[in-house]
Amino acid sequence: LPPELDVVSELSQLPGGRYKELALTAVQFGLMKAEKPFGETVSELRAELVANGADSTAVSRNLVVNALLALFPDEEVGTVAMQVALKRLYRTYDMLEMSTTKEGDAVLTRYDFKTADKTLGDGEMPLRKGLLAVLPDLEALQTDFAKLVDNFDAAGPDPLNVVHLAINTPIDGGVEGEENLIATATEMISAQAEALKSKGIRLVSLMVPNPPKWPRIFSFPLKDDYKEAPARRNLYATMYNLLELDRLENWSPERLPAISHNSVVLLGQQGTRPRVQQRLFCRGVTHMEGISDPAAAEAALLKALDELQFAMLDTRVSPTASSHLFLHVLSPIDSTPVEAIEAYKELMSGLISKHATRLLKLSVDEIEVRIHTREEKGGPRQAVRLMASSMSGQWLKLDGFLEYLDPITGTTVSYCSVGEDETCYLEPYPVSTELQTKRAIARRIGTTYAYDFLGLFEKGVVRAWQRAIAAGTADKMPTMLLEADELLLDDDGNVYRGSRVVGTNKVGMLGWHLTLKTPEYPEGRPLVIIANDCTVQSGSFGLLEDNFFDAVSKYARASGLPRLHIASNSGARIGLAEELKPFFKVAWNDPANVGSGFKYLYLSAEDAEKFGEGVFNAEVITEAGEKRFRLDAIVGQQDGIGVENLRGSGMIAGETSAAYDETFTLSYVTGRSVGIGAYVNRLAQRVIQMDNGPIILTGFSALNKLLGR
């Protein structure tokens, strides 16, 4: 933007929910002013077609497919523009044959193509046929459509083939004109439904000019009985499949504005209040030559994060929404799948470490990159799914899978691990609703889910090694930079090293024995971590949590290991005896006027018999001819909901004091830390406190001392 519009940039950066709408408006205005006019884009594209021809332009990163429609009527470059459009749309396919002819008012480009990627078992991919028909206007299309279908040299019953339609005359009338166009096109296509099915046509698309703006695009897929699909509207014909948007259907996605023409941003939602889960999906395609160039890969990641940041300004997006990034690299990569996966892991480790703060702020839980490898030019391609996923528990864990396609639909039917013990899955990472709910709870109170810190530590160590190598103080990065065993308690309360499914803990305290290979200690440095799990009863300290904390801290002391406490809690637990709540009754002073207060709480004789001895203390009385158990105290059936938790608080405070003398103790306060949670932090040798992690003291004596009273 020019300097005189700097105020727009300042407005777009206003923080906080109160300024969301203003910031969003500022960003939208800035994008509108910064975007190159459509006419200028078309002129540059025409010049590139004249200078470089079809093959070179088709793989250009500067090409915008939707702008090619404006050049279809051009006498000099029209035919080339049509062929470039098709080569661009079907970049991930093998284009076998293509020819363009003029028949009456229609210019027809017929082409044969095949899916280039492998099927499971290396089966033969079927031949597909396509047709691009360009006509002067809608009336001509209505007149010729039946004949176009009849003359299309394709056969069913397998839905393999496609028909793309384009007209050269814009449709006026705004929203009403668009609705009339859709209705007319739907009627025209539906009338030929049986003929289309007999030709094995899976998709009919229609492109309509819309100067001086971008063209309007409508899709009529077989799966919707050739009715217009709103989810595909204004996406070029193959974009829906390239972005795998059908995988999001269970989320009922709603499209949000996007910055780039090659990106789609959607807001998905599942569940009902108060357990609604939201996900932001940012999905894009790129024609960059590969992922091995760190600068290009970083630029692609930053563009995706910009899209998320823009979407977060929308008032429909909850602050606890998780984010998923997907990038489809359309250009084939000359590499083996194993080499590509290893290169991705090395590259992404550095990028995630470098941009961890922003990734966390934008709640990025998954990054997917789909590539196509080939071991020799012109050879068969292997689709590869590169993942950085938190769905299995660890934050943005890196992995890679081979993909195998269905020969008819062209969609992935199997994801297979790489290596000697190849295992195939239906999905690379199944969605864990419970895990996502726990992350949302942690984000709602401004912290990070406890298990995700392991991934953050690993990314931090990777970053440290990259800096050391760049500075010349280290030669190469070792393998297994972080090894973690979860610390668990057996039935006797003894600590042992093991593992379990992430998120299945019932106690709000977690522990790990870590070994970190840092540039200073490349052979590995051990560390014990104790962490509050704020998703279990708000991270409060009950007897079970206190016993776990005490045992793991003693384990660190006995082993002579540093002890790190990751703190986000709500202090000592004050619970409710939920089992009695439905049964106690109130003896009102005046039943007709409850505002006058009550005399006592009681249980009826019948209800009292439902509970064993010691669950409550009561005096037996008789009133209004009824035997009643007047309640003096409620103890509850479950231990650990009352003042006994304060005894546990004293125990862990004493243990932390002992650890202070015997080993290094550090508290990392990532969220609010209350009462005993505040004291054990202060009793450590060092404290790191996040800006949004208040340490809140409780107890009248401590507060009076703090206030100087």
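Residues numbered from 1 in each chain as written. Predicted model: local features only at pLDDT ≥ 70, side-chain atom pairs only at ≥ 80, totals over all residues. Heavy atoms only, no water.

Colleague: Talk me through a nonpolar patch on the surface; I want residue IDs and the actual numbers.
Modeller: Taken together, the side chains of Val 7, Leu 11, Tyr 19 and Leu 22 make up a nonpolar region of the molecular surface, amounting to roughly 310 Å² of accessible area. The residue Leu 22 is located in helix H2 (residues 20–34) in this model. By relative accessible area, which is 41% here, Leu 22 ends up partly exposed. (Patch = residues over 30% accessible without salt bridge, like charges linked within 9 Å, V, L, I, M, F, W, Y side chains within 5 Å. Areas by Shrake-Rupley, 256 points an atom, 1.4 Å probe, with all protein chains shown as cover. Salt bridge = Lys/Arg side-chain N within 4 Å of Asp/Glu carboxyl O. Helix = DSSP H or I, 4+ residues; strand = E, 2+ residues; numbered from the N terminus. Buried < 20%, exposed > 50% of the residue type's maximum accessible area, 1.4 Å probe, protein only.)

Colleague: So what's going on with the packing of helix H5 (residues 138–151) against helix H6 (residues 174–190)? Residues and values would help.
Modeller: As a packed pair, H5 and H6 sit with axes 10 Å apart at the nearest point and diverge in direction by 15°. The orientation of H5 with respect to H6, classified from their angle, is roughly parallel. Relative to H6, the crossing made by H5 is left-handed. In contact with Leu 138, Leu 141, Gln 142 and Phe 145 of H5, H6 contributes Leu 181, Thr 184, Met 188 and Ile 189. The residue makeup of the contact of H5 with H6, split by class, is 6 nonpolar, 2 polar and no charged. (Axes fitted to C-alpha atoms, helices over the stretch in contact; angles between N-to-C directions. Parallel < 35°, antiparallel > 145°, perpendicular 65-115°, else oblique. Left-handed = near helix turned anticlockwise from the far one by under 90°. Contact = heavy atoms within 4.5 Å. Nonpolar A, V, L, I, M, F, W, Y, C, P; charged D, E, K, R; others polar.)

Colleague: Just give me the short version of the nonpolar core, but keep the residues and values in it.
Modeller: Counting 69 residues, the largest nonpolar core has Leu 280, Leu 325, Ile 367 and Trp 512 as its most contacted members. When residues of this core are assigned to their parent elements, the largest contribution, 8 residues, is made by helix H9 (residues 294–312). Not counting the four nearest positions on each side in its chain, Trp 512 is found in contact with Ala 450, Tyr 451, Leu 454, Asp 485, Glu 486, Leu 487, Leu 527, Val 528, Ile 529 and Ala 531. Among the nonpolar cores identified, the runner-up in size contains 45 residues, and Ala 81, Ala 166, Met 207 and Leu 243 belong to it. (Core = buried A, V, L, I, M, F, W, Y, C linked by side-chain atoms within 4.5 Å.)

Colleague: Hey, could you go over H9 for me, with residue numbers and the actual values?
Modeller: A rise of 1.5 Å per residue sets the reference length of H9, with its 19 residues, at 27 Å; its end C-alpha atoms lie 27 Å apart and thus fit the reference within 8%. Within the span of H9, buried status applies to Ala 296, Ala 297, Glu 298, Leu 301, Ala 304, Leu 305, Glu 307, Leu 308, Phe 310, Ala 311 and Met 312. For H9, the capping residue at the N-terminal end is Asp 293, with a side-chain oxygen 3.2 Å from the backbone nitrogen of Ala 295. (Expected span 1.5 Å × (residues − 1). Polar contact = N/O pair within 3.5 Å; in protein donor to acceptor, adjacent residues only side chain to side chain.)

Colleague: Requested: an account of the sheet that holds strand S25 (residues 626–634), with residues and values cited.
Modeller: Taken together, 4 strands build an open sheet; the order of strands is S22-S23-S25-S24 and the sheet is antiparallel. Because the sheet does not close on itself, it has two edges, and the strands there are strand S22 (585–588) and strand S24 (616–623). Taken over all neighbouring pairs, the strand axes of this sheet differ in orientation by 45° on average, direction set aside. In terms of strand pairing, S22 meets strand S23 (residues 598–604) through 4 bridges, oriented antiparallel. Paired with Ala 587 across the two strands is Tyr 600, which belongs to S23. (Pairing = 2+ DSSP bridges.)

Colleague: Just give me the short version of unusual backbone geometry, but keep the residues and values in it.
Modeller: Along the chain, Gly 156 connects to Pro 157 via a cis peptide bond; the corresponding omega equals 0°. If you trace the backbone, Pro 157 turns up in the loop between H5 and strand S4 (161–167). In this model, Pro 211 is joined to Pro 212 through a cis peptide bond whose omega is 5°. For Pro 212, the location among the structural elements is in the loop between strand S5 (201–208) and strand S6 (216–221). Phi angles above zero are rare outside glycine, and Asp 225 is one such case at about 55°. Residue position: Asp 225 is located in the loop between S6 and helix H8 (239–242). The class of Asp 225 is partly exposed, set by a relative accessible area of 47%.

Colleague: Which residues make up the pattern of salt bridges, and what values do they have?
Modeller: In the structure shown here, the tally under the stated rule is 42 salt bridges. A salt bridge links Glu 76 to Arg 46; its shortest N-O distance comes to 2.8 Å. Linking Glu 76 in the loop between helix H3 (38–58) and helix H4 (78–89) with Arg 46 in helix H3, this pair joins segments that are 30 residues apart in sequence. The exposed category is assigned to Glu 76, whose relative accessible area is 54%. For the salt bridge of Glu 623 with Lys 599, the shortest nitrogen-to-oxygen distance reads 2.9 Å. With a gap of 24 residues between them, Glu 623 in strand S24 and Lys 599 in strand S23 connect regions that are remote in the sequence.

Colleague: Which residues make up the packing of H9 against helix H10 (residues 337–354), and what values do they have?
Modeller: Each packed pair of helices is defined by two parameters, the angle between the axes and the distance between the axes. In contact at an axis separation of 11 Å, H9 and H10 are set at 50° when each is read in the N-to-C sense. By the criterion of interaxial angle, the relationship of H9 to H10 is oblique. As H9 runs across H10, the sense of the crossing is right-handed. Mapping the contact onto sequence places Pro 294, Ala 297, Glu 298 and Leu 301 in H9 and Leu 347, Leu 351 and Lys 354 in H10. Classifying every residue of the contact of H9 with H10 by side-chain character gives 5 nonpolar, no polar and 2 charged.

Colleague: Before we move on, could you go through the side chain of Thr 320 and cite the residues and values that matter?
Modeller: By secondary structure assignment, the location of Thr 320 is in the loop between H9 and strand S10 (322–329). For Thr 320, a relative accessible area of 15% puts it in the buried group. Side chain to side chain, Thr 320 and Ser 318 meet in a polar contact 3.0 Å long. Setting aside anything within four residues of it in sequence, one finds Thr 320 in contact with Ala 440, Arg 443 and Arg 444.

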